[in-house]
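# Chains, contacts and geometry: an overview
Here is what each chain is made of, one letter per residue.
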Amino acid sequence: MADNTANPLVKQLPENHLGHDYIVGDIHGCYDELMALMEFVRFDKKHDRIFCTGDLIHRGPKPLDCLDLLGEKWFYTTLGNHDDYFNQKQFEKEEDYIDLYDYKEKLTCLPYIYHVKHRHLNDFYIIHAEFNYEQLFYPQKVDVKPEEKLSLILNNDYTKEIKKIIGSGFRMDETSRKKMIWERTIYKGFIDKNKDKILKGDFSFLNEQKVKRGEIIMFCGHTVVPFPMHVGQQIYMDTGACYGYLDYKRLKYYSMWGSRFFSLSMMDVNNGTVYSCVTNEKTIPDENGDYFRRGDILTMGQSVYPSILK
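Throughout what follows, the structure given in this document is the object of discussion. Everything quoted here is computed from the prediction, not taken from an experiment.

Here 6 strands make up an open sheet; going across it, the order is β4-β3-β2-β10-β11-β12 and the pairing mixed. The open sheet has two free edges, formed respectively by β4 (75–77) and β12 (297–299), since each of these has just one partner strand. Here the average twist between neighbouring strands, direction ignored, is 25 degrees. As judged from the 3 bridges shared by strand β2 (residues 21–24) and strand β10 (residues 263–268), these two strands associate in the antiparallel manner. Within the sheet, the bridge partner assigned to Tyr22 lies in β10 and is Asp268. Sheet strands in contact with helix α1 (residues 31–40) are β2, β3 (49–52), β4, β10, β11 (274–278) and β12, and its direction is about 140 degrees off that of β11.

By size, the foremost hydrophobic cluster in this structure holds 64 residues, and its most contacted members are Ile27, Leu34, Ile50, Leu56, Phe75 and Phe131. The element contributing the most residues to this core is helix α8 (residues 185–193), with 4 residues. For Leu34, the residues in contact, after removing those within four places along its chain, are Val24, Ile27, Ile50, Leu69, Phe75 and Leu264. Residues Ile23, Phe219, Val304 and Tyr305 belong to the second largest nonpolar core, which totals 18 residues.

Ordered by their spatial adjacency, 6 strands build an open sheet running β1-β5-β6-β7-β9-β8, and the pairing between neighbours is mixed. Every interior strand has two partners, whereas the edge strands, β1 (10–13) and β8 (229–231), have only one. Each strand axis lies, on average, 25 degrees off the axis of its neighbour in the sheet, ignoring direction. Across 4 bridges, β1 lies against strand β5 (residues 113–118) in parallel orientation. Each residue of the ladder has a partner; that of Val10, found in β5, is Ile113. Sheet strands in contact with α8 are β8 and β9 (234–236), and its direction is about 95 degrees off that of β8.

For the structure shown, the criterion picks out 5 salt bridges. For Asp32, the salt bridge is made with Lys62, and the minimal N-O distance between the two is 3.0 Å. Placement of Asp32 in helix α1 and of Lys62 in the loop between β3 and α2 (63–68) is noted, with a sequence separation of 30 residues between them. Lys178 serves as the salt-bridge partner of Asp84, at 2.6 Å between the closest nitrogen and oxygen. Here Asp84 is found in the loop between β4 and α3 (104–107), whereas its partner Lys178 is found in helix α7 (residues 174–182), with 94 residues between them in sequence. Each member of the pair Asp84 and Lys178 is classed as buried.

The subject of this paragraph is the packing of aromatic side chains. The description of an aromatic ring pair rests on the distance of the ring centres and on the angle between the ring planes. Taken as a whole and assessed by the stated rule, the structure comprises 13 aromatic pairs. Ring geometry for Tyr187 and Tyr236: centres 5.4 Å apart, planes at 45 degrees, overall tilted. With Tyr187 in helix α8 and Tyr236 in strand β9, this residue pair connects regions lying 49 residues apart in the sequence. Judged by relative accessible area, which is 0%, Tyr236 ranks as buried. Of the aromatic side chains, those joined through ring pairs into one cluster are Phe51, Tyr76, Tyr114, Phe124 and Phe219. A cation over a ring is seen here: Arg294 above Tyr245, with NZ or CZ 3.8 Å from the ring centre.

The rules behind each value
- Residues numbered from 1 in each chain as written.
- Predicted model: local features only at pLDDT ≥ 70, side-chain atom pairs only at ≥ 80, totals over all residues.
- Heavy atoms only, no water.
- Pairing = 2+ DSSP bridges.
- Helix = DSSP H or I, 4+ residues; strand = E, 2+ residues; numbered from the N terminus.
- Axes fitted to C-alpha atoms, helices over the stretch in contact; angles between N-to-C directions.
- Contact = heavy atoms within 4.5 Å.
- Core = buried A, V, L, I, M, F, W, Y, C linked by side-chain atoms within 4.5 Å.
- Buried < 20%, exposed > 50% of the residue type's maximum accessible area, 1.4 Å probe, protein only.
- Salt bridge = Lys/Arg side-chain N within 4 Å of Asp/Glu carboxyl O.
- Phe/Tyr/Trp six-rings, centres within 6.5 Å; stacked < 30°, edge-to-face > 60°.
- Lys NZ or Arg CZ within 6 Å of the ring centre and 35° of its normal.

Right, here's the structure in full:
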């Protein structure tokens, strides 16, 4: 496996005093939907900023346009597994495989983590996938059963552990860095734990997620969720934008959440409001026969982190 430690572990950015900061999930070539969302929120390219959870390319219709975003001063993205220049061999079978040589310099500058100062949250962080248990607690608590590991991740504040990883001078080997762009353990464990409730249409467990002022807020992508979802100390933002163009059948899995379409989702960091642009050509109709079409934009009725603003 090629060495990709050339990519920086962390990049820090100052507070945005003049505009809004937005988080957008994995774009995967869905450039038009991003432009539509920016127009919808009246995005100001001079003062606002967009932070992407990674994966600019593959599967969606306009990957090269998305790569060109790397030259925009208002656009920031973490390294996604699909953007990893040194490991493109695994994607050679993708129908839209791209030779990334012309983008090498920019792609190898993408950090695994963005650490951003913010006037309301103090700090927020963007990572492509997840921190796993071993990264957070090694070597203190290694001999722990899987269910106990999940409980510790979901129910405890691991701010100190994250800050240690992100702190100046901390070194991380390639294997650990890879996990930050491939890991799905936390989300999978969370869903498995609550699967019976999900199948019954009981989503009350989502309201039990605890986000308090002063704790780390970390946004991530990689794992497709039916809507932006807070799990532990991470907020998952990838709502499967590219699958609106590719795989209608995947909706069967997400229908247990009541989902009828895939979308590209963008969140206002100030208040947690989410805007989603539909990517399905035509969605599954609801009980009244109504449906959405590609390009329609919806606003999520509840903030992703209401307890932060109390």
